[in-house]
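Here is how the chains run, residue by residue.
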Amino acid sequence: AQKVTQTQTSISVMEKTTVTMDCVYETQDSSYFLFWYKQTASGEIVFLIRQDSYKKENATVGHYSLNFQKPKSSIGLIITATQIEDSAVYFCAMREGSSGSWQLIFGSGTQLTVMP
Amino acid sequence: EAGVTQSPRYAVLQEGQAVSFWCDPISGHDTLYWYQQPRDQGPQLLVYFRDEAVIDNSQLPSDRFSAVRPKGTNSTLKIQSAKQGDTATYLCASSTGTGVYEQYFGPGTRLTVL
(Lines give C-alpha, C1' and ligand atoms only; values in the text may rest on other atoms or scores of the structure.)
Protein backbone atom coordinates (compact mmCIF):
# COMPACT_ATOMS: atom_id res chain seq x y z
CA ALA A 1 0.00 0.00 0.00
CA GLN A 2 1.12 3.52 -0.71
CA LYS A 3 1.90 5.83 2.18
CA VAL A 4 3.49 9.25 2.54
CA THR A 5 4.72 10.48 5.92
CA GLN A 6 5.73 13.98 6.96
CA THR A 7 6.83 13.91 10.59
CA GLN A 8 7.58 17.62 10.95
CA THR A 9 4.34 19.30 11.95
CA SER A 10 5.77 22.82 11.93
CA ILE A 11 9.05 24.61 11.30
CA SER A 12 10.05 28.23 11.97
CA VAL A 13 13.02 29.87 10.28
CA MET A 14 14.44 33.33 9.86
CA GLU A 15 14.09 35.07 6.54
CA LYS A 16 16.87 34.50 3.98
CA THR A 17 17.97 31.20 5.54
CA THR A 18 17.70 27.68 4.11
CA VAL A 19 15.12 25.16 5.31
CA THR A 20 14.69 21.45 4.64
CA MET A 21 11.39 19.62 5.01
CA ASP A 22 11.37 15.85 5.31
CA CYS A 23 9.17 13.29 3.61
CA VAL A 24 9.35 9.49 3.48
CA TYR A 25 7.19 7.30 1.30
CA GLU A 26 6.22 3.66 0.94
CA THR A 27 5.46 1.93 -2.34
CA GLN A 28 5.87 -1.48 -3.94
CA ASP A 29 6.01 0.07 -7.40
CA SER A 30 9.37 0.35 -9.15
CA SER A 31 8.21 3.47 -10.98
CA TYR A 32 6.69 6.42 -9.18
CA PHE A 33 6.52 10.20 -9.12
CA LEU A 34 7.03 12.45 -6.12
CA PHE A 35 5.63 15.95 -5.81
CA TRP A 36 5.73 18.88 -3.46
CA TYR A 37 2.82 21.27 -3.20
CA LYS A 38 2.36 24.46 -1.19
CA GLN A 39 -0.94 25.51 0.40
CA THR A 40 -1.19 29.19 1.23
CA ALA A 41 -3.24 30.74 4.00
CA SER A 42 -6.02 31.41 1.50
CA GLY A 43 -6.25 27.67 0.82
CA GLU A 44 -4.74 27.77 -2.65
CA ILE A 45 -2.67 24.66 -3.48
CA VAL A 46 0.24 25.31 -5.82
CA PHE A 47 2.47 22.74 -7.50
CA LEU A 48 6.16 23.39 -6.78
CA ILE A 49 8.42 20.61 -8.01
CA ARG A 50 8.47 16.96 -9.11
CA GLN A 51 10.96 14.08 -8.96
CA ASP A 52 10.65 11.01 -11.19
CA SER A 53 11.87 7.84 -9.49
CA TYR A 54 14.06 6.77 -12.41
CA LYS A 55 16.02 10.03 -12.42
CA LYS A 56 19.18 10.17 -10.32
CA GLU A 57 19.57 13.94 -10.52
CA ASN A 58 17.80 15.99 -7.91
CA ALA A 59 15.15 18.29 -9.37
CA THR A 60 15.58 22.05 -8.99
CA VAL A 61 13.11 24.84 -9.76
CA GLY A 62 13.97 28.38 -8.75
CA HIS A 63 14.78 28.41 -5.05
CA TYR A 64 13.25 24.96 -4.54
CA SER A 65 15.34 21.81 -4.80
CA LEU A 66 14.93 18.19 -3.79
CA ASN A 67 17.11 15.77 -1.89
CA PHE A 68 16.08 12.41 -3.34
CA GLN A 69 17.49 9.45 -1.42
CA LYS A 70 15.93 6.44 -3.11
CA PRO A 71 17.45 3.74 -0.83
CA LYS A 72 15.90 5.54 2.15
CA SER A 73 12.59 6.22 0.35
CA SER A 74 13.09 9.85 1.21
CA ILE A 75 12.37 13.05 -0.70
CA GLY A 76 13.28 16.22 1.15
CA LEU A 77 12.33 19.71 -0.03
CA ILE A 78 15.00 22.39 0.32
CA ILE A 79 14.09 26.06 0.13
CA THR A 80 17.02 28.44 -0.09
CA ALA A 81 16.93 32.17 0.67
CA THR A 82 13.52 31.90 2.28
CA GLN A 83 11.10 34.80 2.05
CA ILE A 84 8.17 35.81 4.20
CA GLU A 85 5.81 34.75 1.44
CA ASP A 86 7.16 31.19 1.65
CA SER A 87 5.15 30.83 4.85
CA ALA A 88 2.60 28.12 4.06
CA VAL A 89 1.81 24.43 4.54
CA TYR A 90 3.94 22.17 2.38
CA PHE A 91 2.63 18.80 1.24
CA CYS A 92 4.60 15.90 -0.14
CA ALA A 93 2.68 13.59 -2.51
CA MET A 94 3.30 10.44 -4.52
CA ARG A 95 1.78 8.77 -7.56
CA GLU A 96 2.67 5.24 -8.61
CA GLY A 97 3.66 4.81 -12.23
CA SER A 98 2.90 1.18 -13.01
CA SER A 99 -0.51 0.71 -11.43
CA GLY A 100 -2.29 2.87 -13.97
CA SER A 101 -3.82 4.96 -11.20
CA TRP A 102 -3.37 8.71 -11.33
CA GLN A 103 -4.24 9.08 -7.65
CA LEU A 104 -2.00 11.33 -5.59
CA ILE A 105 -1.31 10.19 -2.03
CA PHE A 106 -0.56 13.16 0.20
CA GLY A 107 1.30 13.46 3.48
CA SER A 108 -0.17 15.39 6.38
CA GLY A 109 1.80 18.55 5.66
CA THR A 110 4.44 20.73 7.34
CA GLN A 111 3.60 24.29 8.39
CA LEU A 112 6.49 26.60 7.53
CA THR A 113 6.72 30.01 9.18
CA VAL A 114 9.34 32.43 7.90
CA MET A 115 10.07 35.22 10.35
CA PRO A 116 11.52 38.67 9.51
CA GLU B 1 -4.42 30.54 -19.18
CA ALA B 2 -7.30 30.34 -16.73
CA GLY B 3 -6.85 28.03 -13.77
CA VAL B 4 -9.29 25.55 -12.25
CA THR B 5 -12.41 27.33 -11.04
CA GLN B 6 -14.82 26.14 -8.38
CA SER B 7 -18.06 27.35 -6.90
CA PRO B 8 -19.31 28.08 -4.39
CA ARG B 9 -16.30 29.05 -2.28
CA TYR B 10 -18.14 28.47 0.98
CA ALA B 11 -21.19 26.49 2.07
CA VAL B 12 -22.84 26.11 5.46
CA LEU B 13 -25.53 23.45 5.91
CA GLN B 14 -27.58 21.73 8.53
CA GLU B 15 -27.23 17.95 8.78
CA GLY B 16 -29.45 16.22 6.27
CA GLN B 17 -29.33 18.97 3.67
CA ALA B 18 -27.97 18.47 0.16
CA VAL B 19 -25.22 20.46 -1.52
CA SER B 20 -23.54 20.54 -4.94
CA PHE B 21 -20.09 21.70 -5.85
CA TRP B 22 -19.15 22.73 -9.37
CA CYS B 23 -15.74 22.59 -11.05
CA ASP B 24 -14.41 23.91 -14.36
CA PRO B 25 -10.98 22.42 -15.15
CA ILE B 26 -8.16 24.01 -17.10
CA SER B 27 -8.97 24.05 -20.79
CA GLY B 28 -7.61 20.98 -22.53
CA HIS B 29 -7.18 18.94 -19.36
CA ASP B 30 -8.92 15.63 -19.86
CA THR B 31 -8.47 14.31 -16.32
CA LEU B 32 -10.43 15.78 -13.42
CA TYR B 33 -10.15 14.91 -9.72
CA TRP B 34 -12.21 15.60 -6.62
CA TYR B 35 -10.42 15.60 -3.26
CA GLN B 36 -11.66 16.01 0.29
CA GLN B 37 -9.37 17.85 2.69
CA PRO B 38 -10.35 17.67 6.36
CA ARG B 39 -8.90 20.38 8.59
CA ASP B 40 -5.17 19.97 9.25
CA GLN B 41 -4.84 16.99 6.90
CA GLY B 42 -3.66 16.43 3.35
CA PRO B 43 -6.14 16.09 0.48
CA GLN B 44 -7.67 12.64 -0.01
CA LEU B 45 -8.97 11.51 -3.39
CA LEU B 46 -12.70 10.89 -3.71
CA VAL B 47 -13.08 10.25 -7.44
CA TYR B 48 -11.48 11.01 -10.75
CA PHE B 49 -12.54 11.10 -14.39
CA ARG B 50 -10.84 10.85 -17.72
CA ASP B 51 -13.06 12.70 -20.15
CA GLU B 52 -16.59 11.70 -19.09
CA ALA B 53 -15.65 8.28 -17.71
CA VAL B 54 -15.20 7.54 -14.03
CA ILE B 55 -11.78 5.95 -13.61
CA ASP B 56 -11.75 5.45 -9.84
CA ASN B 57 -14.57 6.15 -7.40
CA SER B 58 -13.61 3.54 -4.84
CA GLN B 59 -13.13 6.15 -2.13
CA LEU B 60 -16.39 7.97 -2.76
CA PRO B 61 -18.97 7.28 -0.02
CA SER B 62 -21.45 6.09 -2.62
CA ASP B 63 -24.51 6.14 -0.44
CA ARG B 64 -24.49 9.91 -0.13
CA PHE B 65 -21.87 11.24 -2.55
CA SER B 66 -22.13 11.32 -6.32
CA ALA B 67 -20.05 12.91 -9.06
CA VAL B 68 -20.61 13.42 -12.76
CA ARG B 69 -18.77 14.89 -15.70
CA PRO B 70 -21.29 14.41 -18.53
CA LYS B 71 -19.49 16.18 -21.39
CA GLY B 72 -15.94 15.61 -20.25
CA THR B 73 -15.48 19.23 -19.25
CA ASN B 74 -17.20 20.63 -16.14
CA SER B 75 -18.00 18.40 -13.19
CA THR B 76 -20.41 18.38 -10.26
CA LEU B 77 -19.93 16.70 -6.89
CA LYS B 78 -23.09 16.28 -4.82
CA ILE B 79 -23.67 15.29 -1.22
CA GLN B 80 -27.24 14.08 -0.77
CA SER B 81 -27.63 14.19 3.00
CA ALA B 82 -24.74 15.94 4.62
CA LYS B 83 -23.30 14.87 7.97
CA GLN B 84 -21.09 16.78 10.39
CA GLY B 85 -18.23 14.45 9.42
CA ASP B 86 -18.40 15.84 5.88
CA THR B 87 -17.09 19.18 7.14
CA ALA B 88 -13.97 19.75 5.02
CA THR B 89 -12.66 21.61 2.01
CA TYR B 90 -13.57 20.01 -1.31
CA LEU B 91 -10.91 20.50 -3.94
CA CYS B 92 -11.08 19.99 -7.66
CA ALA B 93 -7.92 19.42 -9.68
CA SER B 94 -7.15 18.72 -13.32
CA SER B 95 -4.30 17.39 -15.41
CA THR B 96 -3.51 16.30 -18.93
CA GLY B 97 -3.62 12.61 -19.71
CA THR B 98 -0.12 12.34 -21.05
CA GLY B 99 3.27 13.93 -20.59
CA VAL B 100 2.79 16.42 -17.78
CA TYR B 101 1.86 14.66 -14.57
CA GLU B 102 1.21 17.54 -12.25
CA GLN B 103 -2.30 18.15 -11.00
CA TYR B 104 -3.46 21.75 -10.80
CA PHE B 105 -5.86 22.61 -8.02
CA GLY B 106 -8.79 24.96 -7.79
CA PRO B 107 -9.42 27.24 -4.79
CA GLY B 108 -11.72 24.72 -3.11
CA THR B 109 -15.13 24.88 -1.45
CA ARG B 110 -15.07 25.10 2.31
CA LEU B 111 -18.07 23.13 3.63
CA THR B 112 -19.33 23.38 7.19
CA VAL B 113 -22.10 21.03 8.30
CA LEU B 114 -23.74 22.10 11.56
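The structure under discussion appears in the preceding block.
Residues numbered from 1 in each chain as written. Chains lettered and ligands numbered in written order. Predicted model: local features only at pLDDT ≥ 70, side-chain atom pairs only at ≥ 80, totals over all residues. Heavy atoms only, no water.

Time to look at the overall build of chain B. On a plain count of helices and strands, chain B comes out with zero helices and 11 strands. Seen through its C-alpha atoms, chain B measures out along the principal axes to roughly 40 × 25 × 20 Å. In chain B, which comprises 114 residues, the share counted as buried stands at 47%. Put simply, chain B shows about 5400 Å² of open surface, and 47% of that area lies on carbon and sulfur atoms. The centroid of the 9 positive side-chain charges in chain B is displaced by 7 Å from the centroid of its 11 negative side-chain charges. (Helix = DSSP H or I, 4+ residues; strand = E, 2+ residues; numbered from the N terminus. Buried < 20%, exposed > 50% of the residue type's maximum accessible area, 1.4 Å probe, protein only. Areas by Shrake-Rupley, 256 points an atom, 1.4 Å probe, with all protein chains shown as cover. Lys, Arg positive; Asp, Glu negative; His and termini not counted. Charge placed at Lys NZ, Arg CZ, Asp CG, Glu CD.)

The next point concerns the pairing of strand β5 (residues 32-39) of chain A. Residues and elements named next belong to chain A. Counting buried positions along β5 gives eight out of eight residues, so the element sits mostly inside the fold. On β5, burial covers both faces: Tyr32, Leu34, Trp36 and Lys38 on one face and Phe33, Phe35, Tyr37 and Gln39 on the other are all buried. In terms of strand pairing, β5 meets strand β10 (residues 88-96) through eight bridges, oriented antiparallel. The partner of tyrosine 32 across the bridge, within β10, is glutamate 96. With seven bridges joining them, β5 and strand β6 (residues 45-52) adopt antiparallel strand pairing. The residue of β6 that forms the bridge with tryptophan 36 is isoleucine 49. Counted along the chain from β5 to the antiparallel partner β6, the turn is five residues long, and its residue glycine 43 has a positive phi close to 100°. (Pairing = 2+ DSSP bridges.)

Of all hydrophobic cores here, the largest spans 26 residues; its most connected members are Trp36(A), Ile75(A), Leu77(A), Tyr90(A) and Leu112(A). Contributing elements (two or more residues each) for this core: β2 (10-14), β3 (19-21), β5, β6, β8 (64-69), β9 (74-79), β10 and β12 (110-115) of chain A. With four residues, the single largest contributor to this core is β10(A). Of all hydrophobic cores here, the second largest spans 23 residues; its members include Val4(B), Phe21(B), Leu46(B) and Cys92(B). (Core = buried A, V, L, I, M, F, W, Y, C linked by side-chain atoms within 4.5 Å.)

Our next topic: the packing of aromatic side chains. Scanning all chains against the criterion turns up 15 aromatic pairs over all chains. Here Phe35(A) and Tyr37(A) contribute two aromatic rings whose centre-to-centre distance is 6.4 Å and whose plane-to-plane angle is 35°, an arrangement assigned as tilted. Accessibility classification places Phe35(A) together with Tyr37(A) in one group, the buried group. With 6.5 Å between their ring centres and 70° between their planes, Phe47(A) and Tyr104(B) make a pair best called edge-to-face. Taken as a pair, Phe47(A) in strand β6 and Tyr104(B) in strand β10 (residues 104-105) lie in two separate chains rather than in one. An aromatic cluster of at least three residues, connected via ring pairs, comprises Phe35(A), Tyr37(A), Phe47(A), Phe91(A), Phe106(A), Tyr33(B), Tyr35(B), Tyr48(B), Tyr104(B) and Phe105(B). (Phe/Tyr/Trp six-rings, centres within 6.5 Å; stacked < 30°, edge-to-face > 60°.)

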